[in-house]
Amino acid sequence: MVAGASAQTKEVQMLHWWTSGGEAAALNVLKQDLAKEGYGWKDVPVAGGGGDAAMTALKAMVAAGNYPTASQMLGYTVLDYAAAGVMGDLTETAKKEGWDKSVPAPLQKFAVYKGKWVAAPVNVHSVNWLWINKAVMDKIGGTQPKTFDEFIALLDKAKAAGVIPLALGGQNWQEATMFDSIVLSTGGPEFYKKAMNDLDESALKSDTMKKSFDNLAKLKPYVDPNFSGRDWNLATAMVIKGDALVQVMGDWAKGEFVAAKKQPGTDYLCYRFPGTDGSVIYNSDMFGMFNVPADRKAAQVALATATLSKSFQSAFNVVKGSVPARTDVPDTDFDACGKKGIADLKAANEKGTLFGSLAQGYGAPPAVANAYKDVVTKFVHDQIKTSDEAVKQLVAAINDAK
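- If you look the chain up in an unreviewed UniProt entry, it shows as Probable sugar-binding periplasmic protein from Alsobacter ponti.
- Looking at the chain in UniProt, the text filed under Function (unreviewed entry) is "Part of a binding-protein-dependent transport system for a sugar."
- Its UniProt record gives the chain a comment under Subcellular location (unreviewed entry), which states: "Periplasm".

Below, the structure is given as structure tokens:
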């Protein structure tokens, strides 16, 4: 019996949805860090890019009292489990390592509950990016689009050249992630915050929101007919291979370029979504730490310490495509896109233009995010025919979900 107990103590059990090549490579960095300290790793991977399937699995584990050491989570989910009283307390570790000084305040809002640290932020992803195949861009004589109209003109060039202009996976979270950027581009930073973070009804039902849906409709003709149900990393692969010009996706897409040994500036280009320069729409992967029995606490503390260490924050995010969740990590090892991401985050954090992604569970609680994704996907798949109707349904769905 004793041997079994000590074996369990030296193991980290991690539930996550990082199953693409780039993601698995990034997670490996953490496994190796912990192995050096003598901790084993028990993977509980649940595929599905948005994490919905993983969260269903987590709910079942928690209901059965079978807590993992940690689970990958997005903002409001951390707070929900903390309110339910099942999260551990990392405050002592956080104090010792100065997390409160180095982690941006918007992230702390989700990692700290009633004064206690309950999660370790792993990274900051931002969603308002374009990923472009450079060879295709050169072939069509394209240049960086600075406005939405220039973006449409660029997509027209790709279409004329016989290349799929826009790589998209027809899953609700992917479509809504793209729509986050369209709303910011169409309405600007103040409008985005009012509509997508404050859920201000006058903003949600405004002409600006209607125009945002009109702009989303303008992008539909540039997507190939087989997009329905496609996973995000397969859409990224279309850009990597040169079958498509561009993907609008969070910077986890960059992890796929890294895994495919592609270089920014040579093989691909990273631009902010046209009209969103100066703002960052973010999400952050967090490792929510559960209230595990005493014999498993040391492994949990080791995991938390490793996660927020500067060396891990650099090594992991270089591979993942995201940027560190601490603002004091040097950008030395990052490529051009990573350096831009770090600089953009710092500027947006200082300027107050760092906004939670509604599609990614940082703009509003999950029920609201799901209502939003539902309306956007119905619009993309022609179940909602007009932007007037989309706005009406969006307001109703969000009010019901609140």
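So that's the structure; there's more coming.
1. A closer look at the pattern of salt bridges
For step 1, the next point in the chain: Summed over all chains, the structure comprises 17 salt bridges.
For step 2, the next point in the chain: One salt bridge connects lysine 205 with glutamate 201, and the closest N-O pair in it is separated by 3.4 Å.
For step 3, the next point in the chain: With its nearest N and O atoms 3.9 Å apart, the salt bridge here joins aspartate 277 to lysine 340. Taken together, the residues aspartate 277 in the loop between strand S11 (268-272) and strand S12 (280-283) and lysine 340 in helix H17 (residues 336-351) connect sequence positions 63 residues apart.
For step 4, the next point in the chain: The exposure class of lysine 340 is partly exposed, given its relative accessible area of 27%.
For step 5, the next point in the chain: Counted as one network, the salt bridges with shared partners bring together Arg272, Asp277, Lys340 and Asp344.

2. A few points about the side chain of histidine 125
For step 1, the next point in the chain: For histidine 125, the position within the fold is in strand S7 (residues 125-126).
For step 2, the next point in the chain: Taking relative accessible area as the criterion, histidine 125 reaches 1% and is therefore assigned buried.
For step 3, the next point in the chain: At 3.3 Å, the side chain of histidine 125 forms a polar contact with the side chain of asparagine 123.
For step 4, the next point in the chain: Separated by 2.4 Å, the side chains of histidine 125 and aspartate 251 make a polar contact.

3. Some thoughts on the packing of aromatic side chains
For step 1, the next point in the chain: Tallied over the entire structure, the rule returns 21 aromatic pairs.
For step 2, the next point in the chain: Ring geometry for phenylalanine 148 versus phenylalanine 151: centroids 6.5 Å apart, planes at 70°, classification edge-to-face. Of the two residues, phenylalanine 148 and phenylalanine 151 both sit in helix H9 (residues 148-160), three residues apart, roughly one turn of that helix.
For step 3, the next point in the chain: Classification of phenylalanine 151 by relative accessible area gives buried; the value is 0%.
For step 4, the next point in the chain: Aromatic pair phenylalanine 257 and tyrosine 268: ring centres 4.2 Å apart, planes at 25°, arrangement stacked. Within this pair, whereas phenylalanine 257 is found in helix H14 (residues 253-259), its partner tyrosine 268 is found in strand S11, the two being separated by eleven residues in sequence.
For step 5, the next point in the chain: Overall, the relative accessible area of 2% leaves phenylalanine 257 in the buried class.
For step 6, the next point in the chain: Residue class for tyrosine 268 comes out buried when judged on its relative accessible area of 0%.
For step 7, the next point in the chain: The ring of tyrosine 39 carries lysine 10 above its face, with NZ or CZ at 4.2 Å from the centroid.
For step 8, the next point in the chain: Sitting over the face of the ring of tryptophan 129, arginine 272 holds its NZ or CZ atom 3.8 Å from the ring centroid.

4. Observations concerning helix H10 (residues 172-197)
For step 1, the next point in the chain: In this model, H10 (26 residues) spans only 19 Å end to end at C-alpha, well below the 38 Å of a helix rising 1.5 Å per residue.
For step 2, the next point in the chain: Where H10 bends most, the angle comes to about 125°, and this point is glycine 188, followed within four residues by the proline proline 189.
For step 3, the next point in the chain: The element H10 is largely enclosed, with a buried count of 19 among its 26 residues.
For step 4, the next point in the chain: Immediately downstream of H10, the backbone of leucine 199 shows phi near 55°, a positive value.

5. A few points about helix H19 (residues 387-401)
For step 1, the next point in the chain: A rise of 1.5 Å per residue sets the reference length of H19, with its 15 residues, at 21 Å; its end C-alpha atoms lie 21 Å apart and thus fit the reference within 8%.
For step 2, the next point in the chain: Residues Ser387, Ala390, Val391, Leu394, Val395, Ala397 and Ile398 constitute the buried set of H19.

6. Some details on the environment of proline 221
For step 1, the next point in the chain: Structurally, the position occupied by proline 221 is in the loop between helix H12 (207-219) and helix H13 (232-241).
For step 2, the next point in the chain: Exposure remark for proline 221: the relative accessible area of 46% places this residue in the partly exposed category.
For step 3, the next point in the chain: Between the C-alpha atom of proline 221 and that of leucine 155, which follows or precedes it by 66 residues, the distance is 9.7 Å.

7. Structural notes on the packing of H10 against helix H18 (residues 366-380)
For step 1, the next point in the chain: For the pair H10 and H18, interaxial distance at closest approach is 9 Å and the crossing angle is 110°. With respect to H18, the axis of H10 lies roughly perpendicular. In the packing of H10 onto H18, the handedness of the crossing is right-handed. Contacts between H10 and H18 involve Asn172, Trp173, Glu175, Ala176, Phe179, Asp180 and Met196 from the former and Tyr372, Lys373, Val376, Thr377 and Val380 from the latter.
For step 2, the next point in the chain: When the residues that make up the contact of H10 with H18 are grouped by side-chain class, the tally is seven nonpolar, two polar and three charged.

8. Examining the sheet that holds strand S8 (residues 129-133)
For step 1, the next point in the chain: Here four strands make up an open sheet; going across it, the order is S9-S10-S8-S11 and the pairing mixed. Of all strands in the sheet, those with a lone pairing partner are strand S9 (164-166) and S11, marking the two edges. Averaged over neighbouring strand pairs, the angle between their axes works out to 20° when direction is ignored.
For step 2, the next point in the chain: Against the sheet, H13 touches S8, S9 and strand S10 (244-248), its axis set at about 140° to S10.

9. Thoughts on the side chain of arginine 230
For step 1, the next point in the chain: By the element assignment, arginine 230 lies in the loop between H12 and H13.
For step 2, the next point in the chain: Other than its neighbours up to four places away in sequence, arginine 230 contacts Leu168, Gly169, Gly170, Gln171, Gln174, Asp224, Ala235 and Met238.

10. Points about unusual backbone geometry
For step 1, the next point in the chain: One non-glycine residue, lysine 261, adopts positive backbone phi at about 60°.
For step 2, the next point in the chain: Along the chain, the position of lysine 261 falls in the loop between H14 and S11.
For step 3, the next point in the chain: For lysine 261, a relative accessible area of 68% puts it in the exposed group.
For step 4, the next point in the chain: Backbone geometry at aspartate 382 places phi at a positive 65°, although glycine is not the residue there.

Conventions we followed
Residues numbered from 1 in each chain as written. Predicted model: local features only at pLDDT ≥ 70, side-chain atom pairs only at ≥ 80, totals over all residues. Heavy atoms only, no water. UniProt positions renumbered as here; feature names shortened; annotations may be inferred. Salt bridge = Lys/Arg side-chain N within 4 Å of Asp/Glu carboxyl O. Helix = DSSP H or I, 4+ residues; strand = E, 2+ residues; numbered from the N terminus. Buried < 20%, exposed > 50% of the residue type's maximum accessible area, 1.4 Å probe, protein only. Polar contact = N/O pair within 3.5 Å; in protein donor to acceptor, adjacent residues only side chain to side chain. Phe/Tyr/Trp six-rings, centres within 6.5 Å; stacked < 30°, edge-to-face > 60°. Lys NZ or Arg CZ within 6 Å of the ring centre and 35° of its normal. Expected span 1.5 Å × (residues − 1). Bend = angle between axes of the 7 residues up to and from the residue. Axes fitted to C-alpha atoms, helices over the stretch in contact; angles between N-to-C directions. Parallel < 35°, antiparallel > 145°, perpendicular 65-115°, else oblique. Left-handed = near helix turned anticlockwise from the far one by under 90°. Contact = heavy atoms within 4.5 Å. Nonpolar A, V, L, I, M, F, W, Y, C, P; charged D, E, K, R; others polar. Pairing = 2+ DSSP bridges.

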